[in-house]
Amino acid sequence: MDLIDRYAYSNRLRRVRPEHKVAVALGMLVLCLGLSTPVVGGLTVVWMTLLAVVVAGLPLATFGRVLLTEAGFLVLTTAGVMVSLGATPMAGSEVWAVDLGIVTLSSSPPALHQGLELVSRALGCAAAMNFLALTTPQVDLIDLMQRLGLPALWVDLMTLTYRSIFLLLESAHTMAVAQDSRLGYLGSLRRRFESAALLVSQLFIDTYRRSVRLHTALEARGFDGRLRVLPASYATDSRFLAVGALAGLTLIGGWWLG
Amino acid sequence: MSGIIEFRRVSYRYPGQEHLALRELTLTLPVNEKIAVVGRNGSGKSTLFLHCNGLYRPLSGEVFFRQQRLSYDRAALRELRRRVGVVFQNPDDQLFSASVAQDISFGPLNLGLSEHEVRRRVAEAAELCGVTALLDRATHSLSGGEKARVALAGVLAMEPEVLVADEPLGSLDPWMRLTLFDILERFYERGNTIVMATHDLSVVRHWATHVIVMEAGTAIFSGPPAALLDDPATLTMTGLAGVWDRPEALFARSAGTACASAAPGDDHCEPAPPRRARAGLTL
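Conventions we followed
- Residues numbered from 1 in each chain as written.
- Chains lettered and ligands numbered in written order.
- Predicted model: local features only at pLDDT ≥ 70, side-chain atom pairs only at ≥ 80, totals over all residues.
- Heavy atoms only, no water.
- Salt bridge = Lys/Arg side-chain N within 4 Å of Asp/Glu carboxyl O.
- Buried < 20%, exposed > 50% of the residue type's maximum accessible area, 1.4 Å probe, protein only.
- 1 Å grid on protein atoms, 1.4 Å probe; cavity = no way out; pocket = protein on both sides within 12 Å on 5 of 7 lines; lining within 4 Å.
- Points joined across faces, edges and corners; volume = space filled by probe spheres on them.
- Helix = DSSP H or I, 4+ residues; strand = E, 2+ residues; numbered from the N terminus.
- Nonpolar A, V, L, I, M, F, W, Y, C, P; charged D, E, K, R; others polar.
- Pairing = 2+ DSSP bridges.
- Contact = heavy atoms within 4.5 Å.
- Axes fitted to C-alpha atoms, helices over the stretch in contact; angles between N-to-C directions.
- Expected span 1.5 Å × (residues − 1).

## Comments concerning the pattern of salt bridges
All names here are of chain B. For the coordinates displayed, the defined rule picks out 33 salt bridges over all chains. Between Arg-137 and Glu-146 there is a salt bridge; the shortest N-O distance is 3.7 Å. A residue is classified by how much of its surface remains accessible, and Arg-137, at 29% relative accessible area, is partly exposed. Overall, Glu-146 belongs to the buried group, its relative accessible area being 18%. One connected set of salt bridges, linked through shared partners, spans Glu-117, Arg-120, Arg-121, Glu-124, Glu-159 and Arg-190.

Rendered as structure tokens:
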């Protein structure tokens, strides 16, 4: 959470209207999903990386590391689509099969193509979402939801949940350090589990107490059931929008040619 | 003495508790004073503060604001909370919003002010508290001192007449304390009243113009600091003798001196005989 927040607040697109960043990211995501080919998926990854690194100024290593981690999971989960390991080879006309004794490893061009399509499409969508998460603070997204007229209760819940995540993380860290300093996590496995269970149960109590104190503090400032806050002010970056539009056109062109 | 908030025989009990947190408390908070409220933990300071702007309602007795008895309907509470601001001990209990500017704007927006006026107040409160550069930051990314100043700005943006602060100095370093006192001084100079809970003797001696001592849910002293600190009889009566008049007595036992058992006013401390070290452990 800290890493995402750090980049979201320090990138070059920080002051750009969140609706524009959401439009570009969601536009690319929809095109990637709709024009479902490996070329479009690959182009989406390339464009989102360029937007994140060149336009927003995020480090390539960071954006790449996040994307590679996701790619690792995707390849693992789609391996079952691309290859088959069983008593008999997979069905089809152009099947390649390797007999390993008791089992047969098999694959086929359509299966590999389907796997590649799945990976590239999912990775393209993940890249679009990564771009949005790493360039747009949650504050801006909540603000956008408010301006779009989403139900107030929903926006208030998002605000409090977001704030609570950090309070919970802070509480959990403080408690874990306090337990660790009294050898809470150095004993037997059973003892370590007991420490973790104690931490979780205490965290619930702590959360409840905090919520009571927060409610009292909100009432002290005139809370009447609605969390009213000022909308933030942003700038329009026409170059960013132009690059976003060009990226979208490239995807359509890639699909047309591919 | 002209009072801004007055308690008349106020009692309060927390749900599920047997003992009273406030016990027949009769007290007047003087107007345009810097009031330090002192007392042991659990003496009723925080409970007293939460009665000041109607967050808690007395079990019995009455609270008055500028000679008007508090009524607890929505409109009256809104007006009271505009005029009496409360800053809590832990700023994390107060900051709820994702960004600093939004958090400071919460109180003024609840007063039904226009967006233009809210923006003016946010800018002014941020400037007063030295957090203008932090307005776009996320509240969770602030340091302890920054959170304390943002929490204070969130209350000052409502432009109250009385600021009630519950031990705001607790977790602050001396440099941040200086900043906070500077902010409070500027608020006070505008003709406002400050009520602050503290355990710090120097705050009572050098900052406060009025001091209240709380003990077991009631006020046992209310008057100028000199009348408390320079009068051994009053110090003894309030249970502060030997601690508040001579802070060094706190360390007498660990320093190996006999000061802890010395009578009030006795400045001569004899070294105590050294303790015998236990086998394998030198204390």
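Right, picking up where we left off after that structure.
## Topic: empty space enclosed by the protein
This model, assessed by the stated rule, comprises two cavities of 30 Å³ or more. What lines the largest cavity is a set of 14 residues, among which Val-87, Phe-88, Ala-148, Pro-168 and Leu-180 of chain B lie closest to the centre. Where the lining of the largest cavity is concerned, the elements lending two or more residues are helix H5 (144-156), strand S7 (162-166) and helix H6 (174-189) of chain B. A per-element tally of the lining of the largest cavity places H5 of chain B first, with three residues. Residues belonging to the lining of the largest cavity are distributed by class as follows: 12 nonpolar, two polar and no charged. Of the voids in this model, the second largest cavity is the one considered here, and its volume is about 70 Å³. If you trace the second largest cavity, you find it lined by Val-139, Ile-142, Gln-146, Val-155, Asp-156, Thr-159, Leu-227 and Val-229 of chain A together with Phe-96, Ser-97, Ala-98 and Gln-102 of chain B. For the lining of the second largest cavity, the secondary structure elements donating two or more residues are helix H6 (138-147) and helix H7 (152-181) of chain A. Taken together, the residues that form the lining of the second largest cavity break down as seven nonpolar, four polar and one charged.

## Describing the sheet that holds strand S5 (residues 68-69) of chain B
Residue and element names in this part refer to chain B. As summarised here, the arrangement of the four strands in space is S2-S1-S4-S5, forming an open sheet in which the pairing is antiparallel. Unpaired on one side and paired on the other, strand S2 (22-30) and S5 mark the two borders of the sheet. The pairing of strand S1 (residues 3-12) with strand S4 (residues 60-65) spans five bridges and is classified as antiparallel. In the sheet register, Glu-6 faces S4, and the bridge partner there is Phe-64. Sheet strands touched by helix H1 (residues 45-52): S1, S2 and S4. Its angle to S1, the strand with the most contacts, is close to 120 degrees.

## What about the pairing of strand S3 (residues 104-107) of chain A?
Residues and elements named next belong to chain A. The sheet contact formed by strand S1 (residues 83-86) and S3 spans four bridges and is antiparallel. Opposite Ser-84, over in S3, you have Ser-106 as the bridge partner. Sheet topology note: the strand S2 (residues 96-99)/S3 ladder contains four bridges and is antiparallel. Counterpart to Trp-96 in the pairing with S3 is Ser-107. The loop that links S2 with its antiparallel partner S3 comprises four residues; one of these, Gly-101, has a positive phi angle of about 95 degrees.

## Remarks on helix H3 (residues 38-55) of chain A
Think of an α-helix as 3.6 residues a turn; residues three or four steps apart then line up on the same face. All names here are of chain A. Taking 1.5 Å per residue, 18 residues should reach 26 Å; H3 reaches 25 Å between its end C-alpha atoms and fits that length. Of the residues making up H3, those classed as buried are Val-40, Gly-41, Thr-44, Val-45, Trp-47, Met-48, Thr-49, Leu-51 and Ala-52. Against helix H2 (18-34), helix H4 (60-82), helix H5 (109-135) and helix H9 (238-257) lie the buried residues of H3. Just downstream of H3 lies Gly-57, where phi reads positive at about 80 degrees.

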